[in-house]
Amino acid sequence: MVVEPALTAPPLPRLHVVPQHVAIIMDGNGRWAQGRGLGRADGHRAGAETIRPVMERFGQHGVEVLTLFGFSTENWGRPRTEVQSILKLGRDFIDTHLDELDEAGVQLRHLGDLDRLPGFLRGRVEKAVERTSSNSKMVLNLAFNYGGRADIVEAVQQLIRDGVPPAEVTEEAIASRLATAGLSDPDLLIRTGGEARISNFLVWQATYAEYYFTDTLWPDFRAEQVDAALVEFSRRQRRFGLVPSGDDEDSLSAESGA
Ligand code: FPP
C-alpha cells in the first residue's frame, strides 16, 4: 500500500461547513491504467491504494461517514478476470487494513447483497463488520454488489415481510430498511473520472446530496482533490426545496419547490 507521506500533504484548509457523509464513485481506474500501458487490474489496484490516504484526509476534515462504490450489481457483466481482480482487492483491502481501521475506531459496514459474493470476500466482510460494529469514530461503508434500485426493492420486500400496512409506508419506514439504515444521507456525492451520472448508486439516499464531478481519475485522487471537493461543497447553498433563509414570509409546510 502506497500511503501518502504526511509531510507532503498540504495544510488543511479551514472550512465553515463540512459534509457529515461523503459518498464516492471511484471511476477512471481503467483509463488510468490504459494511459500507462498497464492492464485494468493494475488500475483497480492503484485505485484500492488510493482509498486509505483519501479516507485519512476526509477524517482530518471531520467527515463522519464515507461510502465507497467498490462493485456494482451491474459490474458482474465485466470480463471474469476483471470481476475477480476487483473482488480480490476488496478482500486484500480488509486483510491489509482491518487491524489499523479497528484501532482508529472506524466502523466498517457493507452495503449490498452479500450472498452473491464469493466466500473469500463474504467471510472477510462479515468478520470486519462484526469486529468493528461498536466503533464510533468514523463509518466506512463498502458497497460491494450494491445497486440503488435493488436496495429500494429489498426495503419494500422487508416492509411487506414486516406486515406494515399501506398507511404506515412512510419515507422513514423505507429509509429504516435500506442498507444505510441509521446513517444520515450523503451530503456530498463525488464521482471521479469525468462522467456526470450516478450509475444506480444510492438513488434514494442521494436525493438532496450535492454532486461533485471531477475529471481526475480515481487513482490520481489525493488530499488536494479531497480539499477541492470540500471547498466546492462549502460554497454550495443547500436549500432542500426551500427558499434561502430570510426570503420567506410564512410558508405552508406541506409545500416544497425544487
Ligand atoms: C470504476 O473504474 C471502478 C470500479 C468499477 C471498481 C472500483 C474498485 C476499486 C477502487 C478497488 C477495490 C475497492 C475497494 C473498496 C477495496 P472503471 O474501471 O470503470 O474505469 P474506466 O471508466 O476508466 O474504465
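**Student:** Is there a simple way to think about the sheet that holds strand β4 (residues 138–146) in this case?
**Tutor:** For sheets, the rule is that strands pair by backbone hydrogen bonds, running either parallel or antiparallel. One open sheet holds the six strands; their spatial order is β3-β4-β2-β1-β5-β6, and the pairing between them is parallel. The two strands at the open ends of the sheet, each matched to only one other strand, are β3 (106–111) and β6 (210–213). Geometrically, the sheet is characterised by an average inter-axis angle of 20° between neighbouring strands, direction not taken into account. Relative to β4, strand β2 (residues 65–72) runs parallel, the two being bridged by seven bridges. Of the residues in β4, the one forming a bridge with leucine 68 is leucine 142.

**Student:** Even after reading the chapter, I still don't get the site of the ligand, so can you show me in this structure?
**Tutor:** Around the ligand lies a shell of 19 residues, among which Gly30, Arg31, Gly47, Gly70 and Phe93 are the nearest. If you list the elements that add at least two residues to the shell around the ligand, you get α1 (29–34), α2 (40–61), β2 and α3 (80–103). For the shell around the ligand, a count of residues per class yields eight nonpolar, nine polar and two charged.

**Student:** Before we go on, may I ask you to explain the packing of α2 against α3 in this structure?
**Tutor:** It is at 10 Å that the axes of α2 and α3 come closest, and there the two elements cross at 25°. It follows from the interaxial angle that α2 and α3 lie roughly parallel. When the axes of α2 and α3 are compared, the crossing they make is right-handed. Note on element contacts: α3 touches α2 through Glu82, Ser85, Ile86, Leu89, Phe93 and His97, opposite Arg40, Ala41, His44, Arg45, Ala48, Ile51 and Arg52.

**Student:** Please explain the packing of α2 against helix α7 (residues 223–235) as it appears in this structure.
**Tutor:** The angle between the axes and the distance between the axes are what describe a pair of packed helices. Look at α2 against α7: their axes get within 9 Å of each other, and the N-to-C directions meet at 40°. One way to sum up the angle between α2 and α7 is to call them oblique. When you trace α2 past α7, the crossing you get is right-handed. Across the interface between the two elements, Pro53, Val54, Arg57, Phe58 and His61 of α2 pack against Ala223, Val226 and Leu230 of α7.

**Student:** Can you help me understand the pairing of β2 in this one?
**Tutor:** Looking along a regular strand, one sees side chains alternate from face to face of the sheet. Most of β2 is tucked away, with eight of its eight residues classed as buried. As judged from the five bridges shared by strand β1 (residues 21–25) and β2, these two strands associate in the parallel manner. What sits directly across from isoleucine 24, in β2, is leucine 68.

**Student:** Could you clarify how one ought to interpret α2 in this entry?
**Tutor:** Since the α-helix packs 3.6 residues into each turn, any two residues three or four apart lie on the same face. The first and last C-alpha atoms of α2 sit 32 Å apart over 22 residues, in line with the 32 Å expected at 1.5 Å per residue. Approximately 25° is the largest bend angle found in α2, and it occurs at isoleucine 51, with the proline proline 53 only one to four residues beyond. Three or more residues of α2 are buried, namely Gly43, His44, Arg45, Gly47, Ala48, Thr50, Ile51, Pro53, Val54, Met55, Arg57 and Phe58.

**Student:** Teacher, can you tell me more about unusual backbone geometry here?
**Tutor:** Residues other than glycine predominantly adopt negative phi, and peptide bonds predominantly adopt the trans conformation. We note that asparagine 145 has phi near 60°; this positive angle belongs to a residue other than glycine. One non-glycine residue, leucine 202, lies in positive phi territory at about 40°. On the secondary structure map, leucine 202 appears in the loop between β5 (188–191) and β6. Owing to 26 C-beta atoms within 10 Å, leucine 202 belongs among the buried residues under this scheme.

**Student:** Could you clarify how one ought to interpret the pairing of β1 in this entry?
**Tutor:** Within β1, five of the five residues are buried, which leaves the element mostly enclosed by the surrounding structure. Burial along β1 is two-sided: the residues His21, Ala23 and Ile25 and Val22 and Ile24 are all buried. Taken together, the four bridges between β1 and β5 define a ladder with parallel strand orientation. If you follow isoleucine 24 over to β5, its bridge partner there is isoleucine 190.

Here is what the cut-offs are and how they apply
- Residues numbered from 1 in each chain as written.
- Predicted model: local features only at pLDDT ≥ 70, side-chain atom pairs only at ≥ 80, totals over all residues.
- Pairing = 2+ DSSP bridges.
- Helix = DSSP H or I, 4+ residues; strand = E, 2+ residues; numbered from the N terminus.
- Axes fitted to C-alpha atoms, helices over the stretch in contact; angles between N-to-C directions.
- Near = placed C-beta within 6 Å.
- Nonpolar A, V, L, I, M, F, W, Y, C, P; charged D, E, K, R; others polar.
- Parallel < 35°, antiparallel > 145°, perpendicular 65-115°, else oblique.
- Left-handed = near helix turned anticlockwise from the far one by under 90°.
- Contact = placed C-beta atoms within 7 Å.
- Buried ≥ 20, exposed ≤ 12 C-beta atoms within 10 Å, placed from the backbone.
- Expected span 1.5 Å × (residues − 1).
- Bend = angle between axes of the 7 residues up to and from the residue.

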